[in-house]
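Structural description and commentary
Take a look at the letters that make up each chain.
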Amino acid sequence: MPLWLIILIVGVILVIVGFAGVGQILIWIGVVILVVSLVIWLLNRGKSRV
């Protein structure tokens, strides 16, 4: 299971349980990791075709 997915799941669980501050931080960290990894993947994919 990817790291960003684990962080998002833990963040959502913490928000549901009541630790909203910590949960929201983990959700945002997971989203940032996901976006960065997608950008890196797209850049590497473009370079491999050239």
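In this text, all values refer to a predicted model and were calculated from it rather than measured experimentally.

Further remarks concern the overall build of the chain. What the chain contains, in helices and strands, is two helices and zero strands. Here the chain has a C-alpha radius of gyration of 14 Å; the compact-globule value for 50 residues is 10 Å, and the former is much larger. C-alpha atoms of the chain, sized along the principal axes, occupy 50 × 20 × 10 Å. Accessible surface, the chain: about 4,000 Å² in total, of which carbon and sulfur atoms supply 80%.

For the rest of this paragraph, the subject is helix α1 (residues 3-17). Over its 15 residues, α1 runs 21 Å from end to end, which matches the ideal 21 Å to within 8%, given 1.5 Å per residue. Those residues of α1 that sit buried are Ile7, Leu8 and Gly11. The buried side chains of α1 occupy one side of the element, clustering within an arc of 100 degrees when seen end-on. Of the exposed residues in α1, those oriented more than 90 degrees away from the buried face are Ile16 and Val17. Gly18 occupies a position one or two residues after α1 and carries a positive phi of about 130 degrees.

Glancing now at a nonpolar patch on the surface. Side chains of Met1, Ile6, Ile9, Val10, Ile13, Val17, Phe19 and Val22 sit close together on the surface and give an oily, nonpolar patch of about 760 Å² of accessible area. Per-element tally for the nonpolar patch: the top contributor is α1, with five residues. Mapped onto the fold, Met1 is located in the segment before α1.

This part is about the environment of Gly18. Here Gly18 shows up in the loop between α1 and α2 (20-49). Sequence separation between Gly18 and Val39 is 21 residues, and the spatial gap between their C-alpha atoms is 33 Å.

Rules used throughout
Residues numbered from 1 in each chain as written. Predicted model: local features only at pLDDT ≥ 70, side-chain atom pairs only at ≥ 80, totals over all residues. Heavy atoms only, no water. Helix = DSSP H or I, 4+ residues; strand = E, 2+ residues; numbered from the N terminus. Rg over C-alpha atoms; globule rule 2.2 N^0.38 Å. Areas by Shrake-Rupley, 256 points an atom, 1.4 Å probe, with all protein chains shown as cover. Expected span 1.5 Å × (residues − 1). Buried < 20%, exposed > 50% of the residue type's maximum accessible area, 1.4 Å probe, protein only. Arc of directions from axis to C-beta. Patch = residues over 30% accessible without salt bridge, like charges linked within 9 Å, V, L, I, M, F, W, Y side chains within 5 Å. Salt bridge = Lys/Arg side-chain N within 4 Å of Asp/Glu carboxyl O.

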